[in-house]
Amino acid sequence: MFVDTDTEQERAWMTRAIELATANVADGGGPFGAVIVRDGAVVATGTNRVTVDLDPTAHAEVVAIRRACRELGVFSLAGCVLVTSCEPCPMCLASAMWARVDRVLYAADRDDAAAAGFDDRAFYDAMTDPTRSPTAVARIDVADRNAAFDAWRDKADRVEY
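Per chain, residue numbering runs from 1 following the sequence as it is written. Reporting of local features is limited, given that this is a predicted model, to residues whose pLDDT is at least 70; pairs of side-chain atoms are given and counted only at 80 or more, and all residues count toward the totals for whole chains, interfaces and linings. By convention in this description, side-chain values take in all heavy atoms of the structure and omit both hydrogens and water.

## Observations concerning the nonpolar core
Thinking step 1. Buried residues of nine kinds, namely Ala, Val, Leu, Ile, Met, Phe, Trp, Tyr and Cys, make up a nonpolar core once their side-chain atoms join them within 4.5 Å. Burial status follows relative accessibility: with a 1.4 Å probe on protein chains alone, a residue under 20% of its type maximum counts as buried, one over 50% as exposed, and anything between as partly exposed. Residues Ile 36, Ile 65, Ala 68, Leu 77, Leu 82 and Val 101 are the most contacted members of the largest nonpolar core, which totals 18 residues.
Thinking step 2. Of all elements in the fold, only β1 (33–38), β2 (41–47), α3 (60–72), β3 (80–86) and α4 (90–99) reach the threshold of two or more residues within this core.
Thinking step 3. A total of 5 residues in this core trace back to one element, the largest contributor, which is α3.
Thinking step 4. Discounting chain neighbours no more than four positions away, the residues touching Val 101 are Leu 77, Cys 80, Leu 82 and Ala 96.
Thinking step 5. Trp 13, Met 14, Val 37 and Val 81 belong to the second largest nonpolar core, which has 8 residues in total. Secondary structure elements are defined from DSSP: runs of H or I of at least 4 residues count as helices, runs of E of at least 2 residues count as strands, and each element is numbered from the N terminus. In this description, contact between two residues means that some pair of their heavy atoms is separated by no more than 4.5 Å.

Listed below in structure tokens is the structure:
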């Protein structure tokens, strides 16, 4: 779902995300920054830490989501907005959906990122057509494949998410 939006407050949040991204380049990280906003206030920020932390999942959006969850003491960011300097890659968009953020706002798009050397097209393609995945994926059929799900269903005090 695409939402057309452009308020002065949103522009201020975006400016902050872009400032974080730009400063992160000087600090040895990638050119991506993100902020999580709740009730009009920035709750957490994140920058791309992939090469700094040697963590391929440490994208700015994921870092911001992790920090916001810790700051708020929750695993659901319902009621929050993710503001990011660049269109989220499939991993980051999926992370935002799992975090239940209400909206995602971005500035640069995937084509801008590709022009700078961050071409995620193979990942976008894999999301729409799994046969185009750059990573081989195969199912192994074992008798106890649902053991963990059975344990989950039987756990009376589980925390749903």
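## Examining the UniProt feature "domain: CMP/dCMP-type deaminase" (unreviewed entry) in the chain
Thinking step 1. Following the UniProt record, the feature "domain: CMP/dCMP-type deaminase" (unreviewed entry) maps to residues 8–119 here.
Thinking step 2. Along residues 8–119 one finds 46% helix and 23% strand; the C-alpha atoms at either end are 30 Å apart. UniProt positions are given in the numbering used here, feature names are shortened, and annotations may be inferred rather than shown by experiment.

## Observations concerning the pairing of β2
Thinking step 1. In this sheet, β2 lies alongside β1 in antiparallel orientation, the contact comprising 6 bridges. In the strand pairing of β2, Ala 34 is matched with Gly 46.
Thinking step 2. Linking β1 back to β2 in an antiparallel pair, the connection comprises 2 residues, with Asp 39 at a positive phi of about 55°. Two strands pair if DSSP finds at least two bridges between them.

## Overview of the sheet that holds strand β4 (residues 103–108)
Thinking step 1. Read across the sheet, 4 strands follow the order β2-β1-β3-β4 without closing on themselves; strand pairing throughout is mixed. Looking at which strands have only one partner, the edges of the open sheet turn out to be β2 and β4. Adjacent strand axes in the sheet meet at a mean angle of 20°, parallel and antiparallel pairs treated alike.
Thinking step 2. Sheet strands touched by helix α1 (residues 8–26): β1, β2, β3 and β4. Its angle to β1, the strand with the most contacts, is close to 145°. All axes are obtained by fitting lines to C-alpha atoms, using only the stretch in contact for helices, and the reported angles, taken between N-to-C directions, cover 0 to 180 degrees.

## Here we look at the packing of α3 against α4
Thinking step 1. Running from N to C, α3 and α4 cross one another at 20°; their axes reach a closest spacing of 9 Å. On the basis of the axis angle, α3 is roughly parallel to α4. Every pair of crossing elements has a handedness; the one defined by α3 and α4 is left-handed. Of the residues in α4, those in contact with Glu 61, Val 62 and Ile 65 of α3 are Met 91, Cys 92, Ser 95, Ala 96 and Ala 99.
Thinking step 2. Residue composition of the contact of α3 with α4, by class: 6 nonpolar, 1 polar and 1 charged. With respect to orientation, any angle under 35 degrees is reported as roughly parallel, any angle over 145 as roughly antiparallel, any angle of 65 to 115 as roughly perpendicular, and every other angle as oblique. In this scheme the handedness of a crossing depends on how the near helix is turned from the far one: anticlockwise by less than a right angle means left-handed, clockwise means right-handed. Asp, Glu, Lys and Arg are counted as charged, while Ala, Val, Leu, Ile, Met, Phe, Trp, Tyr, Cys and Pro are counted as nonpolar; the rest, among them Gly, fall into the polar class.

## Brief notes about unusual backbone geometry
Thinking step 1. In the Ramachandran plot, Asp 39 falls in the positive-phi region, its phi being about 55° despite a non-glycine side chain.
Thinking step 2. Considering the arrangement of structural elements, one finds Asp 39 in the loop between β1 and β2.
Thinking step 3. The exposed category is assigned to Asp 39, whose relative accessible area is 75%.
Thinking step 4. One non-glycine residue, Arg 100, lies in positive phi territory at about 70°.

## Some points on the packing of aromatic side chains
Thinking step 1. Between rings of Phe, Tyr and Trp, where Trp is taken as its six-membered ring, a pair exists when centres lie within 6.5 Å; planes separated by under 30 degrees are stacked, by over 60 edge-to-face, and by other angles tilted. Within this structure, the stated rule accounts for 4 aromatic pairs.
Thinking step 2. The interplanar angle of 80° and the centroid separation of 6.1 Å between the aromatic rings of Phe 75 and Tyr 161 together place this pair among those described as edge-to-face. Within this pair, whereas Phe 75 is found in the loop between α3 and β3, its partner Tyr 161 is found in the segment after α7 (147–154), the two being separated by 86 residues in sequence.
Thinking step 3. On the accessibility criterion, Phe 75 (48% relative accessible area) is partly exposed.

## Considering α1
A turn of α-helix holds 3.6 residues, and therefore any two residues three or four places apart point the same way.
Thinking step 1. An ideal rise of 1.5 Å per residue puts 27 Å on 19 residues; α1 measures up with 28 Å between its terminal C-alpha atoms.
Thinking step 2. Every buried residue belonging to α1 is among Glu 10, Trp 13, Met 14, Ala 17, Leu 20, Ala 21 and Asn 24, and all of these are buried. With its buried residues spanning 115° around the axis, α1 presents them on a single face. Of the exposed residues in α1, those oriented more than 90 degrees away from the buried face are Glu 8, Thr 22 and Ala 26.
Thinking step 3. Buried residues belonging to α1 abut β1, β2, β3 and β4.
Thinking step 4. Looking one or two residues beyond α1, the residue adopting positive phi is Gly 28, at roughly 95°. Any helix carries an expected span of 1.5 Å times its number of residues minus one. Throughout, the arc means that of the directions going from the helix axis to the C-beta atoms.

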